[in-house]
Amino acid sequence: MSNTPQDITPPVEFSGEGQLLLYTRYGDPRDSGFENKWITSWHVQNRFPWFPQENIMVHKHFKTILEQAFAELELNGVHAEIKEINETYSLRTVKGSSEVLSVHSWGAAIDMNATDNPLGSMGNWSQTFIDVMQRNEIHCGQLWLPRQDAMHFSMVNG
């Protein structure tokens with residue numbers, strides 16, 4: 001009997017769809033050298049002076065995607081919707097789980113405007129803002145069902 005994808009059970013820490021994709025592409029974020037290889041300190045305000053935080057830590061590939069999205073948000077006049085940055089790269093488990101790693105562990109997510117968009121809220125991002133993020137392949141938790149997470153944007157859906 002051969003191993004098909006349905007027969008393979010990933011370790012629990014990579015059991016989410018997004019986590020498994022990130023693990024497959026980039027490896028285990030707990031491994032020695034992961035941060036040096038994949039995480040970058042991005043001085044966002046060098047290019048986007050309106051951004052509410054001078055510097056963030058993110059995955060190198062996510063930085064490229066965010067740069068493109070932020071430029072388009074600016075072009076569309078909706079960049080001012082970003083008021084606060086709450087979390088970027090953080091090696092941790094998913095809230096409510098003691099085992100499944102958060103996509104923040106890969107530097108592949110950014111939480112914005114948590115005060116206005118708490119976990120479980122419908123969110124208050126404009127449709128233009130959401131459209132720009134989606135066009136740039138950034139997934140927004142505002143669209144998740146059944147539990148929305150409108151502060152959460154990531155390079156994988158999860």
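As shown above, the structure is provided for reference.
Everything numeric in this text was worked out from a predicted model, so none of it was measured. (Residues numbered from 1 in each chain as written. Predicted model: local features only at pLDDT ≥ 70, side-chain atom pairs only at ≥ 80, totals over all residues. Heavy atoms only, no water.)

A.B. asks: Hey, could you run me through the nonpolar core in this one?
C.D. replies: Residues Phe51, Phe70, Ile82, Ile110, Met112, Phe129 and Phe153 are the most contacted members of the largest nonpolar core, which totals 38 residues. Taken together, the elements giving at least two residues each to this core come down to helix 1 (17-26), helix 2 (34-38), strand 1 (39-42), strand 2 (56-59), helix 3 (60-75), strand 4 (109-112), helix 4 (127-135) and strand 6 (149-154). (Core = buried A, V, L, I, M, F, W, Y, C linked by side-chain atoms within 4.5 Å. Buried < 20%, exposed > 50% of the residue type's maximum accessible area, 1.4 Å probe, protein only. Helix = DSSP H or I, 4+ residues; strand = E, 2+ residues; numbered from the N terminus.)

A.B. asks: It is not clear to me how the environment of Gly141 should be interpreted in this structure. Could you clarify?
C.D. replies: Its place among the elements puts Gly141 in strand 5 (residues 139-141). Among the residues examined, Gly141 registers a relative accessible area of 0% and is labelled buried. It is 10.0 Å that separates the C-alpha atoms of Gly141 and Ser121, two residues lying 20 residues apart in sequence.

A.B. asks: Is there a simple way to think about the side chain of Asn113 in this case?
C.D. replies: Here Asn113 shows up in the loop between strand 4 and helix 4. Overall, the relative accessible area of 2% leaves Asn113 in the buried class.

A.B. asks: Just to check I follow, could you spell out the pattern of salt bridges for this structure?
C.D. replies: Side chains that differ in sign of charge can pair as their charged atoms come close. Following the criterion strictly, the structure yields 6 salt bridges and no others. A salt bridge links Arg30 to Asp28, with the nearest nitrogen and oxygen atoms 2.9 Å apart. Exposure remark for Asp28: the relative accessible area of 13% places this residue in the buried category. Ionic pairing is found between Asp116 and Lys83, a salt bridge with its closest N-O pair at 3.6 Å. In this pair, Asp116 sits in the loop between strand 4 and helix 4 while Lys83 sits in the loop between helix 3 and strand 3 (85-87), placing the two residues 33 residues apart along the sequence. Taking the relative accessible area as the measure of exposure, Asp116 reaches 35% and is therefore partly exposed. In this structure Lys83 comes out as exposed when scored by relative accessible area, which is 54%. Via salt bridges that share partners, Arg47, Lys63 and Glu67 belong to a single interconnected network. (Salt bridge = Lys/Arg side-chain N within 4 Å of Asp/Glu carboxyl O.)

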